[in-house]
Amino acid sequence: MAKPAQVLSIVNRGRQKPSVGRGKQYQQRPGVEGFKGFLPEKSVPSTSQAIAVAILLPLKGTLLFLAAFFIDLAEVGFLASGVFGITALSSLSWMANYSGR
């Protein structure tokens, strides 16, 4: 049977104990340094960047609205042309049946 000290040494194997002192300095966990490249550093946008966003954001919204409007207009025109074609065929069919009597 293992002694309690042996069990603790087996459980704590590979763990690093923090150094405890007046400042309570702890060791950094391994692998945290790798994430620093993924996270952007906090920075304040410059005045020119803020002005560019303030001008271009409404312009972009307006252009997207106009693009969607004209695309919808084209779809409505396409559907209307199909409806007019069916109406024309129906009218021609009615005229042919009426004149054939």
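Everything here concerns the structure above.
On a predicted model such as this, the values are computed, not experimentally measured, just so you know.

Scoring rules and cut-offs
Here, residues in each chain are numbered from 1, in the same order as that chain's written sequence. Residues qualify for local features only when their pLDDT is at least 70, as the model is predicted, and side-chain atom pairs are given and counted only at 80 or more; totals for whole chains, interfaces and linings, by contrast, use all residues. Derived side-chain values reflect all non-hydrogen atoms in the structure, with water molecules and hydrogen atoms excluded from consideration. In this text, helices come from DSSP runs of H or I with a minimum length of four residues, and strands from runs of E with a minimum of two, each type numbered from the N-terminal end. For each residue, the accessible area found with a 1.4 Å probe, counting protein chains only, is set against the maximum for its type, and the residue is called buried under 20%, exposed over 50%, and partly exposed in between. Using a 1.4 Å probe, the Shrake-Rupley method yields the accessible areas, and only the shown protein chains count as cover for residues. In this scheme Phe, Tyr and Trp rings, the latter by its six-membered ring, pair at centre separations within 6.5 Å, and the angle between planes marks the pair as stacked below 30 degrees, edge-to-face above 60, and tilted otherwise. Patch members must show over 30% relative accessible area and no salt bridge, and they are joined within 9 Å when carrying like charges or within 5 Å when they are nonpolar side chains of Val, Leu, Ile, Met, Phe, Trp or Tyr. We define a salt bridge as a contact between a side-chain nitrogen of Lys or Arg and a carboxyl oxygen of Asp or Glu at a distance within 4 Å.

Novice: I keep staring at the overall build of the chain and nothing clicks. Help me out?
Specialist: Broken down by element type, the chain carries two helices and zero strands. Taking all 101 residues of the chain together, 0% fall into the buried category. For the chain, the computed accessible surface area is about 10100 Å², with 68% contributed by carbon and sulfur atoms.

Novice: Explain the packing of aromatic side chains here, please?
Specialist: One pass over the structure, following the stated rule, counts two aromatic pairs. For the ring pair Phe69 and Phe70, a centre distance of 5.4 Å and an interplane angle of 70° mean the geometry is edge-to-face. Looking at Phe69, the relative accessible area reads 42%, which means it is partly exposed. Ring geometry for Trp94 and Tyr98: centres 5.1 Å apart, planes at 15°, overall stacked. Here Tyr98 and Trp94 lie together in helix H2 (residues 47-99), a separation of four residues that amounts to about one turn.

Novice: Explanation requested: a nonpolar patch on the surface in the structure shown.
Specialist: Residues Ile51, Ile55, Leu56, Leu59, Leu63, Phe65, Leu66, Phe69, Phe70 and Leu73 make up a contiguous nonpolar surface patch of roughly 1000 Å² in combined accessible area. When its relative accessible area of 46% is taken as the criterion, Leu73 is described as partly exposed.

Nothing here speaks to function; it is all geometry.
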